[in-house]
Amino acid sequence: QIGVVMLNKTSGQKYLVREEGTFFPGPYEEVLQVRNATVLRSMEYAVVQNDMTGRYVHYAGPQQLFEDAYEHIVHILPKIVLQKQQYVQLVDRRTGEETVARGPQTIVPEPEQCEKDYSNLCRLTVQQAIVMKADTAVLTLNRSTGFKQVVRMSEGDSENTGIFTPRPYEEIQEVRQATVLRQQEYAVMQNDLTGKYIHYAGP
C-alpha cells in the first residue's frame, strides 16, 4: 500500500494520489514523495499534525493510515484502557470543559484533551472508583463552585454496595469510614465553616 504526494507546479498545491496500478504524473505535475501506509494496531492511535494549520487530529487503529499531502505523523500512542471500576477525567484545555469516562471501555482522547504539543505524550491518569458500603462515605469537592459534600450509598440498594465515580469537575478528597457510637457514648462534632458544635448520641 503506497501513496504518492504530488505537486501541481502551476497552482503550487500538493495532493495525495492513491491509485492501483502504474501511476504517471501529468503535465505540470511533480512527484514529491512516495509514502507507505502506516499500520496502526487495534490498541494504538496516531497523532497527526496539519502542516498548514498546525492543528492535530487523532486516527484510531486498527487501520492502514495514509497522511494527507499536508499532514505528518507526530506520535503513535497507546489507547487508554479502562477496566471495570476505573475512570479517567478528560479536560478540554481550550474551554476547560470536563468529562468523565467510565470503564470498562477503550478510549482515544480528543487532541484538545491532551497537553499542549504532547509534551507528556498524552499520559492521562486512570483512577479507581470507590466501592460504597453502608459504613462508607466519600467527601467530594466541586472545583467549579468550591462546594463540598458527603456522598453515601444510595438507600434501598439491595446488594448493600455500589460504585462511586466522581462527576465532571468533582474531586475525591477523602474516603470516610463510619464511627461506631456505643449505647453510653455521644460524639461532639464541629462545623468547619461556622465553628459551632453539635452532639450526636449513640448507638
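All residue numbers refer to positions counted from 1 along the written sequence of the respective chain. Only residues with pLDDT of at least 70 get local features here, since the model is predicted, and only at 80 or more are side-chain atom pairs given and counted; chain-wide, interface and lining totals rely on the full set of residues. No hydrogens and no water enter the side-chain calculation; it runs on all heavy atoms of the structure.

In this section: the sheet that holds strand β6 (residues 56–60). Working definition: the strands of a sheet are paired by backbone hydrogen bonds and lie parallel or antiparallel to each other. One requirement defines pairing of two strands: DSSP has to find at least two bridges between them. Every helix listed is a DSSP run of H or I at least four residues long, and every strand listed is a run of E at least two residues long, numbered separately from the N terminus. Ordered by their spatial adjacency, 3 strands build an open sheet running β6-β5-β8, and the pairing between neighbours is antiparallel. Each edge of the open sheet carries a strand with a single partner, namely β6 and β8 (71–78). Across this sheet, the average inter-strand angle for adjacent strands is 25°, counted without regard to direction. As judged from the 5 bridges shared by strand β5 (residues 44–50) and β6, these two strands associate in the antiparallel manner. Directly across from Gln-49, in β6, lies its bridge partner Tyr-56. For helices, the fitted line uses only the C-alpha atoms of the stretch in contact; every axis is such a line through C-alpha atoms, and the angle between N-to-C directions lies from 0 to 180 degrees.

So, on to the side chain of Glu-115. By secondary structure assignment, the location of Glu-115 is in the loop between β12 (105–107) and β13 (126–128). Two N or O atoms form a polar contact when they lie within 3.5 Å of each other; inside protein one atom must be a possible hydrogen donor and the other a possible acceptor, and for residues adjacent in sequence the pair counts only when both atoms belong to side chains. Here Asn-120 takes part through its backbone nitrogen, which lies 2.6 Å from a polar atom of the side chain of Glu-115. At 2.8 Å, the side chain of Glu-115 and the backbone nitrogen of Leu-121 are in polar contact. Residue contacts are counted whenever heavy atoms from the two residues lie within 4.5 Å of one another. Discounting residues that sit within four places of it in the chain, Glu-115 has contacts with Arg-93, Asn-120, Leu-121, Cys-122 and Arg-123.

Along β5, 6 of the 7 residues are buried, which leaves the element largely enclosed by surrounding structure. In this structure, β5 lies alongside β8, joined through 7 bridges in antiparallel fashion. Of the residues in β8, the one forming a bridge with Gln-49 is His-72. Between β5 and β6, which follow one another and run antiparallel, lie 5 residues, and Gly-54 among them has a positive phi close to 80°. Summary of the burial criterion: residues with accessible area below 20% of their type's maximum are buried, those above 50% are exposed, and those between are partly exposed, where the area comes from a 1.4 Å probe applied to protein chains only.

Function-wise, these values are silent; they only describe arrangement.
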